[in-house]
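For reference, the chains in residue letters:
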Amino acid sequence: MDSFSKILKDNNLKITHPRKVVFETLLERKTALTIKEITKACHDVDRTSIYRTLQTFQQIGIINIINVGWKKQYELIDVFLPHHHHLICLKCHNKKSIHDETLEAYIKELCKNNHFQTTKHYFEIEGFCKNCQKIIARPKI
Ligand SMILES: [Zn+2]
Ligand SMILES: [Zn+2]
């Protein structure tokens, strides 16, 4: 919460109730959420305020937007959540967070080899989860 209030202050923004509640929800859930999920969790904040809050969070760069199919999901940046990537199921839209030291080390090496100073990286894998693979593979009657 401390770094959150600092970022808001640095951007000349006040801590309003919607900003506080949406931030806390994203922080507690530790994963990317859809607008619907955020609205449900922040039941005392109206949808318009949630949209506006997410827009603000995007402008000040504290959330990442992940496209899952045609749906957008919102997640806090690595400053607030441990660094991770996603396996995204195209059928049920579930996301699994993954963290792999080998992958991280390799990304670091790639940048180093290209004399590139990286500030952040994205890496999302789309496909079908274990459950949905079963559904797809099921023969039609
Ligand atoms: Zn699935
Ligand atoms: Zn990474």
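As the structure is a prediction and not an experimental result, all values here were calculated from the model.

Undergrad: Explain the packing of helix H2 (residues 17–29) against helix H4 (residues 47–59) residue by residue, including any values.
TA: Angle between the axes and distance between the axes are the two parameters that describe a pair of packed helices. Direction vectors running N to C along H2 and H4 enclose 75 degrees, while the axes themselves pass 9 Å from each other. When the axes of H2 and H4 are compared, the pair comes out roughly perpendicular. Where H2 abuts H4, its residues Pro-18, Arg-19, Val-22 and Phe-23 lie against Ser-49, Ile-50, Thr-53, Leu-54, Thr-56 and Phe-57.

Undergrad: Describe in detail the coordination of the zinc ion (ligand 2), supporting the description with residues and values.
TA: Only His-83 (NE2), His-85 (NE2), Glu-104 (OE), Glu-104 (OE) and His-121 (NE2) from the protein coordinate the zinc ion (ligand 2), and they sit 1.9 to 2.4 Å from it. Here the donor residues of the zinc ion (ligand 2) share one chain and are spaced in sequence as H-x1-H-x18-E-x16-H. For His-83, a relative accessible area of 22% corresponds to the partly exposed category. Look at His-85 and you get buried, because its relative accessible area is 2%.

Undergrad: Residue-level account of the layout of surface pockets, with values.
TA: Of the pockets and cavities examined, the largest pocket occupies roughly 270 Å³. Forming the boundary of the largest pocket are 14 residues, of which Thr-34, Ile-35, Lys-36, Lys-71 and Lys-72 lie nearest the centre. Elements that contribute at least two residues to the lining of the largest pocket include exactly helix H3 (35–41), H4 and strand S3 (71–76). Counted by class, the lining of the largest pocket contains four nonpolar, four polar and six charged residues. By volume, the second largest pocket is sized at about 220 Å³. Within the residue set of the lining of the second largest pocket, elements represented by two or more residues are strand S2 (63–68) and strand S4 (85–89). Among the residues forming the lining of the second largest pocket, the class breakdown is five nonpolar, seven polar and four charged.

Undergrad: Give me the coordination of the zinc ion (ligand 1): which residues, what numbers.
TA: Binding of the zinc ion (ligand 1) to the protein goes through Cys-89 (SG), Cys-92 (SG), Cys-129 (SG) and Cys-132 (SG), at separations of 2.2 to 2.3 Å. One can describe the donor arrangement at the zinc ion (ligand 1) as tetrahedral, given that its four donor atoms subtend angles of 102 to 115 degrees at the metal. All donors of the zinc ion (ligand 1) come from a single chain, and their spacing in sequence reads C-x2-C-x36-C-x2-C. Note on Cys-129: relative accessible area 24%, which makes it partly exposed.

Undergrad: An account of a nonpolar patch on the surface is requested, with residue identities and associated values reported.
TA: Taken together, the side chains of Leu-87, Phe-123 and Ile-125 present a nonpolar region at the surface, about 210 Å² in accessible area. If you trace the backbone, Phe-123 turns up in the loop between helix H5 (101–113) and strand S6 (124–127). Among the residues examined, Phe-123 registers a relative accessible area of 32% and is labelled partly exposed.

Calculation notes
- Residues numbered from 1 in each chain as written.
- Chains lettered and ligands numbered in written order.
- Predicted model: local features only at pLDDT ≥ 70, side-chain atom pairs only at ≥ 80, totals over all residues.
- Heavy atoms only, no water.
- Axes fitted to C-alpha atoms, helices over the stretch in contact; angles between N-to-C directions.
- Helix = DSSP H or I, 4+ residues; strand = E, 2+ residues; numbered from the N terminus.
- Parallel < 35°, antiparallel > 145°, perpendicular 65-115°, else oblique.
- Contact = heavy atoms within 4.5 Å.
- Donors = N, O, S within 2.8 Å, 3.2 Å for Na, K, Ca; no water.
- Buried < 20%, exposed > 50% of the residue type's maximum accessible area, 1.4 Å probe, protein only.
- 1 Å grid on protein atoms, 1.4 Å probe; cavity = no way out; pocket = protein on both sides within 12 Å on 5 of 7 lines; lining within 4 Å.
- Points joined across faces, edges and corners; volume = space filled by probe spheres on them.
- Nonpolar A, V, L, I, M, F, W, Y, C, P; charged D, E, K, R; others polar.
- Tetrahedral: all angles 85-135°; square planar, octahedral: opposite > 155°, others 65-115°.
- Patch = residues over 30% accessible without salt bridge, like charges linked within 9 Å, V, L, I, M, F, W, Y side chains within 5 Å.
- Areas by Shrake-Rupley, 256 points an atom, 1.4 Å probe, with all protein chains shown as cover.
- Salt bridge = Lys/Arg side-chain N within 4 Å of Asp/Glu carboxyl O.

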